[in-house]
Amino acid sequence: MNRVIFFGRIHFKNVRSANLAKEAFVRYGETIAKGDMMYRPEALYGEELEEPVEALFLEFPRASHEASDKTVNHSIQSMETLLQFAMAGRIDCFVITAGELPEQITRLVENDKTTSQHYSLATEALEAEDYATAVAEFTETIDSFKRHPWALDGRGLAHFELGNLAEAERDFRSAREMYPSYPSPHLGLAKIFAAKQEYSAAMDSCQMAMAGSIPHQPGYWITALFSAEVMIGRLEKEFNKLSNAERDLYHKSIASYLDRYSMKLKQLGKNRTKFYPTPDKLKGLQARFEGVSEMA
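Everything numeric in this text was worked out from a predicted model, so none of it was measured.

A.B. asks: Whenever I open this one, the overall build of the protein chain confuses me. Can you help?
C.D. replies: Looking only at helices and strands, the protein chain features 12 helices and 4 strands. Taken over C-alpha atoms, the radius of gyration comes to 21 Å for the protein chain, in line with the 19 Å a tight globule of 296 residues would show. Considering only C-alpha atoms, the protein chain reaches an extent of 65 × 45 × 35 Å along its principal axes. Residues classed as buried in the protein chain amount to 48% of the 296 residues present.

Here it is in structure tokens:
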């Protein structure tokens, strides 16, 4: 048996698509999985499966399950069934086996629809650091399907990199309102607040981003180190304005984040992907932290 952490959200264009997805999901559960799934139809749609669906999205709050490999496979395939009828969505599944690094399984909406095609081009441009193209493609995505928090967040990231802070903040706020438990917009807003030297707001947003993620995700550690960076920056600039209690809280929080990430790097070893903060990033923050520690 595995420990499985599962979460995500799926958006449908209209009621018809949502009901077609439900019918396909129920059919898959009955004929192929035969009920061997982490989310059975009754758990998603209620006991009265004949009742039509009215909601245009399905959300899977983060939950931990005990599941066999077979159950995990059936569950992922059942999510793929739902995503076939969706306009936007993302499902993340972390399979944790004792003595091994967690396996991450991610499923997105991938089809030949205009929304999906523009979103794919936008994410490719964002990864290639072609931020102007990313903004244009994310805008096309949103124009074709407005209820797309992932595209709003992506456009916010691209705007931020281009220095368009007002536009970035607008997109991050829209994405956060649409999908409050999605961590990325919270981190985006934390960066905006930090740029404005609104330190308390930045750290609050970091806390919300970390609350929506798990230590098996690179984003969790990106946020943890960014939070440490914000606190170090405030100590460097406003040391004499802070109370002893605030300084002590900052020191304890910074030390915890840096020490925990140091241990995470050791755990990952050669399996660290490019998405995790680099060891050099950690060393730089450790050096700055030593500097502010000497101010005490």
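Having seen the structure, we can now continue with the description.
A.B. asks: Sorry, what's going on with the nonpolar core here?
C.D. replies: Where a protein is soluble and globular, its nonpolar side chains tend to be buried together. Counting 38 residues, the largest nonpolar core has Phe226, Val230, Leu235, Tyr250, Ile254, Leu258 and Tyr261 as its most contacted members. Residue assignment for this core shows that the elements contributing at least two residues are α7 (165-178), α8 (183-195), α9 (199-211), α10 (218-238), α11 (244-268) and α12 (279-293). Here this core takes 10 residues from α10, the largest share from any one element. Setting aside residues up to four positions removed in sequence, Tyr250 forms contacts with Met203, Met231, Arg234, Leu235 and Leu242. Ranked by size, the runner-up nonpolar core spans 31 residues in total, among them Ala21, Tyr39, Phe60 and Leu82.

A.B. asks: Can you help me understand the sheet that holds strand β4 (residues 103-108) in this one?
C.D. replies: The strands making up a sheet associate through hydrogen bonds between their backbones, and the pairing can be parallel or antiparallel. If you trace the 4 strands from one edge of the open sheet to the other, you get β2-β1-β3-β4, paired in antiparallel fashion. Only two strands of the sheet have a single partner each, and these edge strands are β2 (57-67) and β4. Sheet twist, expressed as the average angle between the axes of neighbouring strands with direction ignored, equals 5 degrees. One ladder, built from 6 bridges, connects strand β3 (residues 88-96) with β4; its direction is antiparallel. Counterpart to Arg90 in the pairing with β4 is Leu108.

A.B. asks: Hey, could you run me through the pattern of salt bridges in this one?
C.D. replies: Close approach of charged atoms allows side chains with opposite charge to pair. Taken as a whole and assessed by the stated rule, the structure comprises 12 salt bridges. With its nearest N and O atoms 2.8 Å apart, the salt bridge here joins Asp171 to Arg155. Pair noted here: Asp171 is in helix α7 and Arg155 is in helix α6 (residues 149-161), with a separation of 16 residues, a long-range link. Of the two residues examined, Asp171 and Arg155, each falls in the buried class. Measuring nitrogen to oxygen at the nearest pair gives 3.0 Å for the salt bridge that ties Lys281 to Glu229. Residue Lys281 is located in helix α12, and its partner Glu229 is located in helix α10; the two are separated by 52 residues in the primary sequence. If you follow the salt bridges from partner to partner, you end up with Glu229, Glu236, Lys281 and Arg288 in one network.

A.B. asks: How should I be thinking about the side chain of His251 in this particular structure?
C.D. replies: The topology assignment puts His251 in helix α11. If sequence neighbours within four positions are ignored, His251 has contacts with Leu235, Phe289, Val292 and Ser293.

A.B. asks: Help me understand α11 in this model?
C.D. replies: One full turn of an α-helix is made of 3.6 residues, so residues set three or four places apart face in the same direction. When the terminal C-alpha atoms of α11 are compared, their 36 Å separation across 25 residues agrees well with the 36 Å that a helix rising 1.5 Å per residue should span. Buried residues of α11: Arg247, Tyr250, His251, Ile254, Tyr257, Leu258, Tyr261, Lys264, Leu265 and Leu268, and no others. Here the buried face of α11 lies against α9, α10 and α12. Trailing α11 by a residue or two, Gly269 shows a phi angle of about 55 degrees, which is positive.

A.B. asks: How should I be thinking about a negative patch on the surface in this particular structure?
C.D. replies: Residues Glu30, Glu42, Glu47, Glu48, Glu50 and Glu51 make up a contiguous surface patch of negative charge. Positionally, Glu42 belongs in helix α2 (residues 41-45).

The rules behind these values
- Residues numbered from 1 in each chain as written.
- Predicted model: local features only at pLDDT ≥ 70, side-chain atom pairs only at ≥ 80, totals over all residues.
- Heavy atoms only, no water.
- Helix = DSSP H or I, 4+ residues; strand = E, 2+ residues; numbered from the N terminus.
- Rg over C-alpha atoms; globule rule 2.2 N^0.38 Å.
- Buried < 20%, exposed > 50% of the residue type's maximum accessible area, 1.4 Å probe, protein only.
- Core = buried A, V, L, I, M, F, W, Y, C linked by side-chain atoms within 4.5 Å.
- Contact = heavy atoms within 4.5 Å.
- Pairing = 2+ DSSP bridges.
- Axes fitted to C-alpha atoms, helices over the stretch in contact; angles between N-to-C directions.
- Salt bridge = Lys/Arg side-chain N within 4 Å of Asp/Glu carboxyl O.
- Expected span 1.5 Å × (residues − 1).
- Patch = residues over 30% accessible without salt bridge, like charges linked within 9 Å, V, L, I, M, F, W, Y side chains within 5 Å.
- Areas by Shrake-Rupley, 256 points an atom, 1.4 Å probe, with all protein chains shown as cover.
- Lys, Arg positive; Asp, Glu negative; His and termini not counted.
- Charge placed at Lys NZ, Arg CZ, Asp CG, Glu CD.

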